[in-house]
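A look at the structure
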Amino acid sequence: MGTRALAFSPAWALALALLATGCQPTTDVSSGETRERLVGTWLRDYAENGTQVRRVLVLEPGGRFREMSRTLGPKEPGTQHAHEGEWVYDGTNLKRRYTRMDGKPPAAPTVPFVAFQIAFTGSHDFTGIDNVRHRELRYHRVPDGTEP
């Protein structure tokens, strides 16, 4: 009696892993829906070390973003910044890679990448958990054209 080798493809490996762990495969539908919900203009207003910060984040449908910010401290007239780059949503995290910071390519030691785990807290709000800096970020949807 001869032996017959089983064909072991990556699809079989995934199916066996799912069966072994009791997990059900998920579809990308929720990721796609979340990605669509993220497209638009978002405001983040907060205070940091006595300085008031107002950030407007515009996530475009094609995967590009613009971020404009304005700061106003107790003893300073305020500064403005304008950055841009590319964004993706991986099913858990909103990731942004900066390609221009105040009109120039990012230079060392600047880290031109930001990622945070997001969760919608309402139809017009989401929070992001920055697991690197251990802080929570809150964004609220605002009309297109909003300035910082």
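The structure this text deals with has already been given above.
Notes on the structure in this doc start here. The structure presented is a predicted model; accordingly, all values stated were derived computationally and were not measured.

1. Concerning the overall build of the protein chain
The secondary structure content of the protein chain amounts to 2 helices and 8 strands. Each helix and strand of the protein chain, placed in order from N terminus to C terminus, yields the pattern α-α-β-β-β-β-β-β-β-β. Counting the 148 residues in the protein chain, one finds 30% classified as buried. The long-range share in the protein chain, meaning contacts at least 24 apart out of those at least 6 apart in sequence, stands at 31%. Split by element, the accessible area of the protein chain, about 10,000 Å² in all, is 56% carbon and sulfur.

2. Comments concerning the pairing of strand E5 (residues 93–101)
Where strand E4 (residues 79–89) lies against E5, 7 bridges are found, and the strand directions are antiparallel. Note that in E5 the partner of Glu86 across the bridge is Arg97. Hairpin geometry of E4 and E5 is characterised by an intervening segment of 3 residues between the two adjacent antiparallel strands and by a positive phi of about 105° at Gly91.

3. Section: the side chain of Arg96
Considering the arrangement of structural elements, one finds Arg96 in strand E5. With relative accessibility at 2%, the residue Arg96 sits in the buried group. Ignoring sequence-local partners within four residues, the contact set of Arg96 consists of Leu57, Phe65, Glu67, Glu86, Trp87, Pro112, Phe113, Val114, Phe116 and Tyr139.

4. Digging into the pattern of salt bridges
Under the criterion given, the structure shown has 12 salt bridges. Ionic pairing is found between Arg54 and Asp45, a salt bridge with its closest N-O pair at 3.2 Å. Overall, the relative accessible area of 43% leaves Asp45 in the partly exposed class. Two residues, Arg138 and Glu136, come together in a salt bridge whose shortest N-O distance is 2.6 Å. Assessed through its relative accessible area of 55%, Arg138 is described here as exposed. When salt bridges that share partners are traced, they join Glu48, Asp130, Arg133 and Arg135 into one network.

5. A look at the packing of aromatic side chains
Inspection of every chain in the model, using the stated rule, returns 6 aromatic pairs. Each ring, one from Trp42 and one from Phe126, has its centre 4.8 Å from the other, and the planes form 75°; the classification is edge-to-face. Of this pair, Trp42 sits in strand E1 (residues 40–48) while Phe126 sits in strand E7 (residues 125–130); the two residues are 84 residues apart in sequence, bridging distant segments of the chain. Put simply, the rings of Trp42, Phe116, Phe120, Phe126 and Tyr139 pair up and form one aromatic cluster. Its end group placed over the ring of Phe120, Arg37 keeps NZ or CZ at 3.7 Å from the ring centre.

Reading guide: rules and limits
Residues numbered from 1 in each chain as written. Predicted model: local features only at pLDDT ≥ 70, side-chain atom pairs only at ≥ 80, totals over all residues. Heavy atoms only, no water. Helix = DSSP H or I, 4+ residues; strand = E, 2+ residues; numbered from the N terminus. Buried < 20%, exposed > 50% of the residue type's maximum accessible area, 1.4 Å probe, protein only. Contact = heavy atoms within 4.5 Å. Areas by Shrake-Rupley, 256 points an atom, 1.4 Å probe, with all protein chains shown as cover. Pairing = 2+ DSSP bridges. Salt bridge = Lys/Arg side-chain N within 4 Å of Asp/Glu carboxyl O. Phe/Tyr/Trp six-rings, centres within 6.5 Å; stacked < 30°, edge-to-face > 60°. Lys NZ or Arg CZ within 6 Å of the ring centre and 35° of its normal.

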